[in-house]
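# Descriptive structure summary
Listed below, chain by chain, are the residues.
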Amino acid sequence: MATQDTALEIRSERRSAAQRNALLMRIAELAPIVIVLFVLFGGALVLALLQSLGFAPWFGINTFPDFSYFGALWGSSAFWVSLGLTLYYGFVSTIIALIMAIVLSLALIKPFRGKILYKYLYKLPLMIPYTVGIALAVLMLGNGGILSRLLALVGMIDNPGDFPQILKTHYGWGIMAVYVWKQVPFMTLAIYAVLLGIGRETEEAAAILGATRRQIFFSVTLPQILPGIVSSTLICFAFNVGAFEAPFILGGGYPDTLPVVAWRYFNDANYAFQLQGMATVVSIGIVAGVILFAYLAVYRRYERMRGRA
């Protein structure tokens, strides 16, 4: 018995050693990537925070810690208007894209003619650069664009100049159109993948028990696809809040969104304004971080209430 116990202990120790070695090998393989990401992104975040607090000796400025840049920024009414515009574009476009993505993913889960072709077509925006989408919005939605000329051609409007102003307004229809166009395929992929994983057995069981389509969606389907919804909306909202190109090209001008405000500060010849721009960037990160943290906290609480966390 003693010999057998000793042999079992030796095998157990060998297995543990093999598992430790495998873990160390994985860590060693990932270490270079992790170090590079930490240095690049972590270092950039630290440097941005230091500059926003007055540490920029390469500009001849070193008043660290100096909160006057944040004070001047947050004390301006223009900052809060710009923040409102930034969050408005971010929230509305994310919600619209989410609704469309849920509808598309639910349609994809069902068999229909031409489904294989459609599964390729809806992914096309993922392969087209973001700036190309902005150019398409200008060509399609402008007052002299393709859509206005087509409407004038068929007699729905007298001339292209009568086409409603979609671009260059603070309503942001053009900005949000570009966001939605680019992000619907991404969200659809995330939600569709979750739907494929859970199958349709629970929905069919609910239907057999007499549940309506509305009850099935809100009580069965929606709770199951929440992980895909949360992960995709987190990424898309963060991108929308920090995006610069679409608000800069398609926006209505002053007051601008916060990323455009930061860009204007960075392009000022006065180095002190560049530190003001860095305070703007840090403010964007703080606001977005608080919102996303609260969003995740609500989701985790919901999961705990359902006994899944």
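These figures come from a predicted structure and were not determined experimentally.

Cut-offs used in this document
- Residues numbered from 1 in each chain as written.
- Predicted model: local features only at pLDDT ≥ 70, side-chain atom pairs only at ≥ 80, totals over all residues.
- Heavy atoms only, no water.
- Helix = DSSP H or I, 4+ residues; strand = E, 2+ residues; numbered from the N terminus.
- Buried < 20%, exposed > 50% of the residue type's maximum accessible area, 1.4 Å probe, protein only.
- Contact = heavy atoms within 4.5 Å.
- Lys, Arg positive; Asp, Glu negative; His and termini not counted.
- Charge placed at Lys NZ, Arg CZ, Asp CG, Glu CD.
- Salt bridge = Lys/Arg side-chain N within 4 Å of Asp/Glu carboxyl O.
- Phe/Tyr/Trp six-rings, centres within 6.5 Å; stacked < 30°, edge-to-face > 60°.
- Lys NZ or Arg CZ within 6 Å of the ring centre and 35° of its normal.
- Domains from an automatic or database assignment.
- Patch = residues over 30% accessible without salt bridge, like charges linked within 9 Å, V, L, I, M, F, W, Y side chains within 5 Å.
- Areas by Shrake-Rupley, 256 points an atom, 1.4 Å probe, with all protein chains shown as cover.
- Core = buried A, V, L, I, M, F, W, Y, C linked by side-chain atoms within 4.5 Å.
- pLDDT = per-residue confidence, 0-100.
- Axes fitted to C-alpha atoms, helices over the stretch in contact; angles between N-to-C directions.
- Parallel < 35°, antiparallel > 145°, perpendicular 65-115°, else oblique.
- Nonpolar A, V, L, I, M, F, W, Y, C, P; charged D, E, K, R; others polar.

### Regarding the overall build of the chain
Of regular secondary structure, the chain possesses 13 helices and 2 strands. By principal-axis analysis of the C-alpha atoms, the chain measures approximately 95 × 65 × 35 Å. Expressed as a percentage of the 309 residues in the chain, the buried residues total 34%. A fraction of 69% describes how many contacts in the chain between residues 6 or more apart in sequence connect residues 24 or more apart. Distance from the positive charge centre (22 side chains) to the negative charge centre (14 side chains) of the chain: 8 Å.

### Topic: the environment of Ile102
Within the secondary structure layout, Ile102 lies in helix α3 (residues 77-108). Spatially, the C-alpha atom of Ile102 lies 9.9 Å from that of Ala190, the residues being 88 residues apart in sequence.

### What about the pattern of salt bridges?
Scanning the entire structure with this criterion turns up 1 salt bridge. The residue Asp256 makes a salt bridge to Arg264 at a minimum N-O spacing of 3.0 Å. Taking relative accessible area as the criterion, Arg264 reaches 41% and is therefore assigned partly exposed.

### Looking at the side chain of Gln274
Note on placement: Gln274 falls in helix α13 (residues 271-305). Look past the residues within four positions of Gln274 in its chain and what remains in contact with it is Phe59, Tyr265, Phe266 and Asp268.

### Focus: the packing of aromatic side chains
Scanning the entire structure with this criterion turns up 11 aromatic pairs. Their ring planes at 55° and their centres at 5.2 Å tell us that Phe70 and Trp74 sit as a pair that is tilted. Here Phe70 pairs with Trp74, and both are found in helix α2 (residues 68-74), just 4 residues apart, close to one helical turn. When its relative accessible area of 7% is taken as the criterion, Phe70 is described as buried. The interplanar angle of 35° and the centroid separation of 4.8 Å between the aromatic rings of Phe91 and Phe237 together place this pair among those described as tilted. With Phe91 in helix α3 and Phe237 in helix α10 (residues 213-242), this pair connects stretches of sequence that are 146 residues apart. Exposure remark for Phe91: the relative accessible area of 38% places this residue in the partly exposed category. The ring of Tyr120 has Lys123 lying over it, and the distance from NZ or CZ to the ring centre is 6.0 Å.

### With respect to the domain arrangement of the chain
Interface size, as often reported, equals the accessible area lost upon joining of the parts. Examined at the domain level, the chain breaks down into domain 1 (1-43) and domain 2 (79-305). Look at where the C-alpha atoms of domain 1 and domain 2 centre, and you get two points 42 Å apart.

### Some thoughts on a nonpolar patch on the surface
A cluster of nonpolar side chains, Val132, Leu136, Leu139, Met140, Ile146, Leu147, Leu150, Leu153, Val154 and Met156, forms an exposed patch at the surface whose accessible area comes to about 940 Å². Only α6 (130-141) and α7 (146-153) provide two or more residues apiece to the nonpolar patch. Within the element layout of this structure, Ile146 appears in helix α7. The partly exposed category is assigned to Ile146, whose relative accessible area is 43%.

### Focus: the environment of Leu226
Structurally, Leu226 can be placed in helix α10. What makes Leu226 buried here is its relative accessible area of 17%. Dropping the residues within four chain positions of it, Leu226 is found in contact with Tyr299 and Tyr302.

### Quick look at the environment of Lys182
The topology assignment puts Lys182 in helix α8 (residues 173-198). We classify Lys182 as buried; its relative accessible area is 17%.

### Some thoughts on the nonpolar core
The biggest cluster of nonpolar side chains holds 41 residues, and the ones touching the most others in it are Leu98, Met187, Ile191, Ile225, Ile229 and Val241. Put simply, the parts of the chain that give this core at least two residues each are α2, α3, α8, α10 and α13. If you look at the next biggest cluster of nonpolar residues, it comprises 17 residues, including Leu85, Tyr89, Ile175 and Tyr179.

### As for the confidence of the model for the chain
Here the chain averages 81 in pLDDT, while 92% of its residues score no lower than 70. Per-residue pLDDT, averaged within each element of the chain, yields its smallest value for helix α1 (residues 2-52) (70) and its largest for α3 (91).

### Focus: the packing of α6 against α7
Where α6 contacts α7, the two axes come as close as 4 Å, and the packing angle between them is 20°. Here α6 is positioned roughly parallel relative to α7, judged by the angle of their axes. Facing α6, whose interface residues are Leu139, Met140 and Leu141, α7 presents Ile146, Leu147 and Ser148. Classifying every residue of the contact of α6 with α7 gives 5 nonpolar, 1 polar and no charged.

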